[in-house]
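Tertiary structure, described
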Amino acid sequence: MSKQPMPATVPVVAESPSGDMQLVHRALTRDPDAFRAIMKVHNQRLYRIARGILRNDAEAEDVVQEAYVSAFASLAAFRGQSTLATWLSRIVINEALGRLRKRRRTVEMPADPEARIIRFPLKSNDDPERTMAQRQILALVERATDSLPDIYRMVFVARVIEGLSMEETADLLGVRPQTVKTRLHRARALLRRALDDEIGPVLLDAFPFAGRRCERLTQAVMGRLGFE
């Protein structure tokens, strides 16, 4: 079967309905660049959401990979009634919650310290003391966020770490905007018990999904889709 001609450029932003549908139509023709574009645009958000639910780096990566495979298998069902980001995020949430329920039904085994993923990478910095301080602050952010109850943690990750609007978060989680507002207020109150107000700006660097991790997940999904 001959391959559909590719556009001269690959769109890298898939937030608008028209941009979403263009990428979806190209992916349905098995255009590998369309699959890569979709993943590179949405990897970080989906990873942050999965990580916010599961509180485990490796499991979050697995969930995002499984969610992509599931989403791409049913891509023809996407009609553009919501953004592609929201559609994919809902699949990730369902996959992560399913993984969480399965985990809770099994006996938890002691974690192997040798198997842990390296913690969040930091921006390059030539000042060792500053780098160490950043690592300590990000560790506090991680622990404080992980300690939140599930319903508050999901809202906090979506609104503060991922930067979604109140309406986007409500749509994503299937709750009213007022519920998002209430839960976010509670989440912030809980976090203030563990964090100083001065470290607020570093939240922008928390839960990244870029570089080797982003490329590794993209390559894994492409392999499972049959692309080299």
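Calculation notes
Residues numbered from 1 in each chain as written. Predicted model: local features only at pLDDT ≥ 70, side-chain atom pairs only at ≥ 80, totals over all residues. Heavy atoms only, no water. Bend = angle between axes of the 7 residues up to and from the residue. Helix = DSSP H or I, 4+ residues; strand = E, 2+ residues; numbered from the N terminus. Buried < 20%, exposed > 50% of the residue type's maximum accessible area, 1.4 Å probe, protein only. Polar contact = N/O pair within 3.5 Å; in protein donor to acceptor, adjacent residues only side chain to side chain. Salt bridge = Lys/Arg side-chain N within 4 Å of Asp/Glu carboxyl O. Axes fitted to C-alpha atoms, helices over the stretch in contact; angles between N-to-C directions. Parallel < 35°, antiparallel > 145°, perpendicular 65-115°, else oblique. Contact = heavy atoms within 4.5 Å. Nonpolar A, V, L, I, M, F, W, Y, C, P; charged D, E, K, R; others polar. Phe/Tyr/Trp six-rings, centres within 6.5 Å; stacked < 30°, edge-to-face > 60°.

**With respect to helix α2 (residues 32-54)**
- Taking the largest bend as the criterion, α2 deviates by roughly 50°, centred on H42.
- In terms of burial, α2 is largely enclosed, as 19 of its 23 residues are buried.
- Sitting at the amino-terminal end of α2 is D31, which places a side-chain oxygen 2.9 Å from the backbone nitrogen of D33.
- R55 occupies a position one or two residues after α2 and carries a positive phi of about 60°.

**As for helix α6 (residues 150-161)**
- With 9 of 12 residues buried, α6 lies mostly within the body of the structure.
- Among all positions in α6, only Y152, R153, M154, V155, F156, V157, A158, V160 and I161 are buried.

**Regarding the pattern of salt bridges**
- Within this structure, the stated rule accounts for 13 salt bridges.
- Here R51 makes a salt bridge to D146, at a shortest N to O gap of 2.9 Å. Linking R51 in helix α2 with D146 in helix α5 (residues 128-146), this pair joins segments that are 95 residues apart in sequence. In this structure, R51 and D146 share a single accessibility class: buried.
- For the salt bridge of R224 with E66, the shortest nitrogen-to-oxygen distance reads 2.8 Å. Here R224, found in helix α9 (residues 211-224), pairs with E66, found in helix α3 (residues 57-73); they are 158 residues apart in sequence, far enough to count as distant.
- You can call R224 partly exposed: its relative accessible area is 42%.

**What to know about the packing of helix α7 (residues 166-173) against helix α8 (residues 177-192)**
- Running from N to C, α7 and α8 cross one another at 100°; their axes reach a closest spacing of 8 Å. Considering their axes alone, α7 and α8 lie roughly perpendicular with respect to each other. From α7, M166, T169 and A170 reach across to α8, where they touch P177, V180 and K181.
- Grouping the amino acids of the contact of α7 with α8 by side-chain chemistry returns 4 nonpolar, 1 polar and 1 charged.

**Some words on the packing of aromatic side chains**
- Per the stated rule, a full pass over the model turns up 4 aromatic pairs.
- When the ring of Y68 is compared with that of F72, the centres are 5.6 Å apart and the planes differ by 15°; the resulting orientation is stacked. Highlighted residues: Y68 and F72, both in helix α3, separated by 4 residues, approximately one helical turn.
- Its relative accessible area of 9% is what places F72 among the buried residues.
- Taking 5.4 Å as the distance between ring centres and 55° as the angle between the ring planes, the aromatic pair formed by F78 and W87 counts as tilted.
- Classification of F78 as buried rests on a relative accessible area of 4%.
- Each member of the aromatic cluster is reached from another via a ring pair, and the members are F35, Y68, F72 and F227.

**Things to note about unusual backbone geometry**
- Of note in this structure, R30 is not a glycine but carries a positive phi near 65°.
- If you trace the backbone, R30 turns up in the loop between α1 (17-28) and α2.
- Of note in this structure, R55 is not a glycine but carries a positive phi near 60°.
- Here R55 shows up in the loop between α2 and α3.

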